[in-house]
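Residue-level structural notes
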Amino acid sequence: MIAFTDVRKVYNQGSQKVVALDGVSLLVKPGEIFGVLGQSGAGKSTLIRCVNQLEKPTSGSVVVDGQEMTKLSGDKLRQARQRIGMIFQHFNLLSCRTVVENIAFPLEVMGYSRLKRRAKVEELISLVGLTGKADAYPAQLSGGQKQRVGIARALAGEPKVLLSDEATSALDPQTTRSILDLLRDLNKRMGLTILLITHEMAVVKQICDSVAVLNAGKIVEKGYVSDLIAKP
Ligand code: ADP
Ligand code: ADP
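Note that this is a predicted model, so its numbers are computed, not measured.

**Some words on the site of ligand 1**
- Near ligand 1 you find Gln13, Arg49 and Glu55, and these make up its full shell.
- With respect to ligand 1, the side chain of glutamine 13 contributes an N or O atom lying 2.9 Å from a nitrogen atom.

**Observations regarding the pairing of strand 4 (residues 59-64)**
- Of the pairings in the sheet, the one linking strand 1 (residues 2-13) to strand 4 comprises five bridges and is antiparallel in character. The partner of phenylalanine 4 across the bridge, within strand 4, is valine 62.
- Across two bridges, strand 4 lies against strand 5 (residues 67-68) in antiparallel orientation. In the strand pairing of strand 5, valine 64 is matched with glutamine 67.
- Hairpin geometry of strand 4 and strand 5 is characterised by an intervening segment of two residues between the two adjacent antiparallel strands and by a positive phi of about 50 degrees at aspartate 65.

**Re the sheet that holds strand 9 (residues 210-215)**
- In spatial order, the strands read 6-7-8-3-9-10; together these six strands make up an open sheet with mixed pairing. Looking at strand neighbours, the two that pair on one side only are strand 6 (84-88) and strand 10 (218-224), the edges of this open sheet. Averaged over all pairs of adjacent strands, the angle between their axes in this sheet comes to 15 degrees, without regard to strand direction.
- The strands that helix 1 (residues 44-51) touches are strand 3 (33-37), strand 6, strand 7 (161-165), strand 8 (193-198) and strand 9; relative to strand 8, the one it contacts most, it runs at about 155 degrees.

**What to know about the packing of aromatic side chains**
- This structure, assessed with the given rule, holds zero aromatic pairs.
- In this structure, lysine 116 is placed above the aromatic ring of tyrosine 112, and the distance from its NZ or CZ to the ring centre is 5.9 Å.

**Thoughts on the confidence of the model for the protein chain**
- With 99% of its residues at a pLDDT of 70 or more, the protein chain shows a mean pLDDT of 96.
- Scored by ipTM, the complex comes to 0.75, with pTM at 0.89.

**Details of the pairing of strand 6**
- Across the five residues of strand 6, five count as buried, placing the element largely inside the fold.
- Neither face of strand 6 is left uncovered, since the one carrying Ile84, Met86 and Phe88 and the one carrying Gly85 and Ile87 both have all their residues buried.
- Pairing between strand 6 and strand 7: five bridges, direction parallel. Bridging across to strand 7, methionine 86 finds its partner in leucine 163.

**Examining the site of ligand 2**
- Surveying the vicinity of ligand 2 reveals the residues Tyr11, Gln13, Val18, Ala20, Gln39, Ser40, Gly41, Ala42, Gly43, Lys44, Ser45 and Thr46.
- For ligand 2, an oxygen atom lies 3.0 Å from a polar atom in the backbone of glycine 43.
- When residues of the shell around ligand 2 are traced back to their parent elements, those giving at least two are strand 1, strand 2 (16-28) and helix 1.
- Of the residues forming the shell around ligand 2, the biggest block, three residues, is contributed by helix 1.
- Of the residues in the shell around ligand 2, the class split is four nonpolar, seven polar and one charged.

**A short note on the pattern of salt bridges**
- Under the defined criterion, the tally for this structure stands at ten salt bridges.
- For glutamate 55, the salt bridge identified is with arginine 49, shortest N-O distance 3.7 Å.
- Arginine 189 is the partner of aspartate 185 in a salt bridge, and the nearest nitrogen-oxygen pair spans 2.9 Å. Pair noted here: aspartate 185 and arginine 189 are both in helix 6 (residues 173-190), with a separation of four residues, about one helical turn.
- Aspartate 185 sits in the partly exposed class, given a relative accessible area of 29%.
- Since its relative accessible area comes to 56%, arginine 189 is described here as exposed.

Cut-offs and rules
Residues numbered from 1 in each chain as written. Chains lettered and ligands numbered in written order. Predicted model: local features only at pLDDT ≥ 70, side-chain atom pairs only at ≥ 80, totals over all residues. Heavy atoms only, no water. Near = heavy atom within 4 Å. Polar contact = N/O pair within 3.5 Å; in protein donor to acceptor, adjacent residues only side chain to side chain. Pairing = 2+ DSSP bridges. Helix = DSSP H or I, 4+ residues; strand = E, 2+ residues; numbered from the N terminus. Axes fitted to C-alpha atoms, helices over the stretch in contact; angles between N-to-C directions. Contact = heavy atoms within 4.5 Å. Phe/Tyr/Trp six-rings, centres within 6.5 Å; stacked < 30°, edge-to-face > 60°. Lys NZ or Arg CZ within 6 Å of the ring centre and 35° of its normal. pLDDT = per-residue confidence, 0-100. Buried < 20%, exposed > 50% of the residue type's maximum accessible area, 1.4 Å probe, protein only. Nonpolar A, V, L, I, M, F, W, Y, C, P; charged D, E, K, R; others polar. Salt bridge = Lys/Arg side-chain N within 4 Å of Asp/Glu carboxyl O.

As structure tokens, then:
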């Protein structure tokens with residue numbers, strides 16, 4: 001579903017060059033939850049942002065659902081991005097809009113009619129367990145509820161792939177578990193492929209099928225979580 005082949009990303013920081021990704025190759029299979037684990041500065045954000053081309057790789061290939069992402073631009077890129085949802089550490093909600101309005105926002109952009117939007121938003125609100133919160137503003141929600149809004153918004157375009165950028169790092173352990181359970185449930189029910197980045201082994205252990213360990217822009221280990229975690 002997602003294939004990276006020898007991806008390099010070099011940033012210019014003033015006169016210095018920083019190699020954020022140094023020849024990354026990985027394969028995320030359809031329906032899999034794939035975790036990229038690494039410390040701060042390892043290149044995780046850069047890697048996940050290369051999937052939907054929020055960052056352009058300096059070289060290498062990124063294929064998502066059969067499409068070479070690095071070759072897309074303009075409308076073609078926008079259409080491809082609609083098939084890739086993304087959730088964020090700090091939720092990235094519009095603070096002056098209600099739950100309904102936040103979730104409806106991508107549907108407006110995609111040109112859904114009022115009626116279709118209403119039906120879709122209702123479905124999404126129930127899917128993520130936010131019934132009764134439709135007219136609340138982000139400031140009135142808990143962290144876990146905000147992330148549920150983020151997840152609903154990410155699923156509005158019926159993506160095949162969901163990208164999770166440290167989605168539980170701002171949440172307490174109990175809320176983290178409930179959000180990871182929701183992601184696992186969506187993965188099972190809809191066959192959603194999930195690529196997540198995290199600095200926490202516990203997240204990988206709880207929901208990932210496969211994991212790649214990223215260190216200084218290089219993948220130093222990868223495999224099935226069940227094989228890599230020693231069994232008693
Ligand atoms: P977060 O932890 O919330 O993801 P980051 O510190 O990773 O925030 O970075 C926030 C933004 O700044 C990202 O878009 C990232 O690409 C960019 N960024 C990160 N490091 C640098 C840097 N050294 N110089 C310029 N921009 C950076
Ligand atoms: P992680 O998500 O694992 O913390 P990042 O991908 O954010 O790692 O960063 C990897 C390296 O790339 C860091 O050295 C960071 O400073 C640098 N970097 C990230 N984004 C930018 C940017 N927009 N401009 C310059 N340097 C960046």
